[in-house]
Amino acid sequence: MEWDIAYNTTQDELVISEYGRNVQELLRNANSVEDDTERQAYVERVIKLMLQMDPGIKTQENYQERLWRHAFLIAGEPLRVTIPEGISLDKETEVEQLERLPYPDQTKSRMRHYGQNVQQLIKSAIALEDGPEKDQATYAAAYYMKVALSSWNQGKFVNEEMIRKDLYEMSDKQLVLLPDVKIGVPGPNQPAQHDNLRKKKKKKKNNRPKQNNYANKSRSSRSKRRR
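First, a word on scope: everything that follows refers to the structure included in this document.

**Overview of helix α4 (residues 116–127)**
Consideration 1: In this model, α4 (12 residues) spans 17 Å end to end at C-alpha, consistent with the 16 Å of a helix rising 1.5 Å per residue.
Consideration 2: When we look at burial in α4, the residues that qualify are Val118, Gln119, Ile122 and Ala125. An end-on view of α4 places all buried positions within 125 degrees of arc, on one side of the element. Every exposed residue of α4 that faces more than 90 degrees away from the buried side is listed here: Asn117, Lys123 and Ala127.

As structure tokens, this is what we get:
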């Protein structure tokens, strides 16, 4: 069975994302309206829709002119309409695009469930020369790998052999934790590597019924009489 589904990733990139894909498609089909009057009304309705999609543009000076310039830019070609009086499109029609922030290269990052801190520890350990300092850095990486797994498993059993294997593979076979080295158990005060898995300790409520003062006084008076 074939599914006729149009994903956004297969469509044209949005020129101005604030207005959405529907507005972009409407404007790019505007010139296909044959009648001049209907085409004029069509574009003016789309301009009003653009204002509804981005009402914050009203705070800017000459926002109507800005909407029309955006409409021409989104359409990708000159719209065959009459521009309202007082609005000029002679200014720069390109919208300043902010640079996209670079994301970390996830293709080279393996076993991301251990977290970025463990990745950095492994890189630092690899850069060290062979010796006690490198052995300590290797152990530290393995320890925090165990902390990460303990957080995910909520304190359940963690297979140390799997940690040794993962450490060996994540370091491109450069770090080896010897079998006789026991990885310490993370203590209760060890910060969790994943904040969403931290458990909040609930205070135990005292369900004992409180006795009123009248009952206490009556008991004390009876004990005095017995004396």
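**A word on the environment of Ser124**
Consideration 1: One can find Ser124 in helix α4.
Consideration 2: Distance from Ser124 to Thr138, taken between C-alpha atoms, is 9.2 Å for residues 14 residues apart in sequence.

**Notes on the pattern of salt bridges**
Opposite charge on two side chains permits them to pair, given that their charged atoms come into close proximity.
Consideration 1: In total, this model carries seven salt bridges according to the counting rule given.
Consideration 2: One salt bridge in this structure joins Asp36 and Arg39, with 3.0 Å as the shortest N-O distance. Here the residue Asp36 and the residue Arg39 both occupy positions in helix α2 (residues 36–53), the gap between them amounting to three residues, near one helical turn.
Consideration 3: Given the relative accessible area of 2%, Arg39 is considered buried.
Consideration 4: Put simply, Arg164 and Glu160 hold a salt bridge, and the shortest N to O gap is 3.6 Å. Taken together, the residues Arg164 and Glu160, both in helix α6 (residues 160–170) and four residues apart, mark about one turn of the helix.
Consideration 5: Looking at Arg164, the relative accessible area reads 10%, which means it is buried.
Consideration 6: By sharing partners, the salt bridges in this structure join Lys146, Glu160, Glu161, Arg164 and Lys182 into a single network.

**Points about the environment of Arg164**
Consideration 1: Each C-alpha atom of the pair Arg164 and Ala142 lies 7.2 Å from the other, and the pair is 22 residues apart in sequence.
Consideration 2: The contacts of Arg164, once residues within four sequence positions are left out, are Leu177, Leu178, Pro179 and Val181.
Consideration 3: A polar contact of 3.3 Å, which involves the side chain of Arg164, links it to the backbone oxygen of Leu177.

**Some remarks on the nonpolar core**
Consideration 1: In terms of nonpolar packing, the biggest core is built from 23 residues, with Tyr19, Leu27, Val43, Met50, Trp68 and Leu79 touching the most fellow members.
Consideration 2: For this core, the secondary structure elements donating two or more residues are α1 (20–28), α2 and α3 (63–75).
Consideration 3: Sequence-distant contacts of Val43, defined by excluding residues within four places in its chain, comprise Ala30, Trp68, Leu79 and Val81.
Consideration 4: In this structure, Val118, Ala125, Met145 and Met170 belong to the second largest nonpolar core, which totals 19 residues.

**A few points about the environment of Ile74**
Consideration 1: Within the element layout of this structure, Ile74 appears in helix α3.
Consideration 2: In this structure the C-alpha to C-alpha distance between Ile74 and Glu25, which are 49 residues apart in sequence, comes to 8.9 Å.

**A closer look at the packing of α1 against α2**
Consideration 1: Contact pair α1 / α2: the axes reach a minimum separation of 10 Å and the direction vectors enclose 165 degrees. Taken together, the axis directions place α1 and α2 in an arrangement best described as roughly antiparallel. Like other packed secondary-structure pairs, α1 and α2 cross with a definite hand, here left-handed. For the pair α1 and α2, the contacting residues are Val23, Leu26 and Leu27 in the first and Tyr42, Val46, Leu49, Met50 and Met53 in the second.
Consideration 2: Partitioned by chemical class, the residues of the contact of α1 with α2 number eight nonpolar, no polar and no charged.

What counts as what
Residues numbered from 1 in each chain as written. Predicted model: local features only at pLDDT ≥ 70, side-chain atom pairs only at ≥ 80, totals over all residues. Heavy atoms only, no water. Helix = DSSP H or I, 4+ residues; strand = E, 2+ residues; numbered from the N terminus. Expected span 1.5 Å × (residues − 1). Buried < 20%, exposed > 50% of the residue type's maximum accessible area, 1.4 Å probe, protein only. Arc of directions from axis to C-beta. Salt bridge = Lys/Arg side-chain N within 4 Å of Asp/Glu carboxyl O. Contact = heavy atoms within 4.5 Å. Polar contact = N/O pair within 3.5 Å; in protein donor to acceptor, adjacent residues only side chain to side chain. Core = buried A, V, L, I, M, F, W, Y, C linked by side-chain atoms within 4.5 Å. Axes fitted to C-alpha atoms, helices over the stretch in contact; angles between N-to-C directions. Parallel < 35°, antiparallel > 145°, perpendicular 65-115°, else oblique. Left-handed = near helix turned anticlockwise from the far one by under 90°. Nonpolar A, V, L, I, M, F, W, Y, C, P; charged D, E, K, R; others polar.

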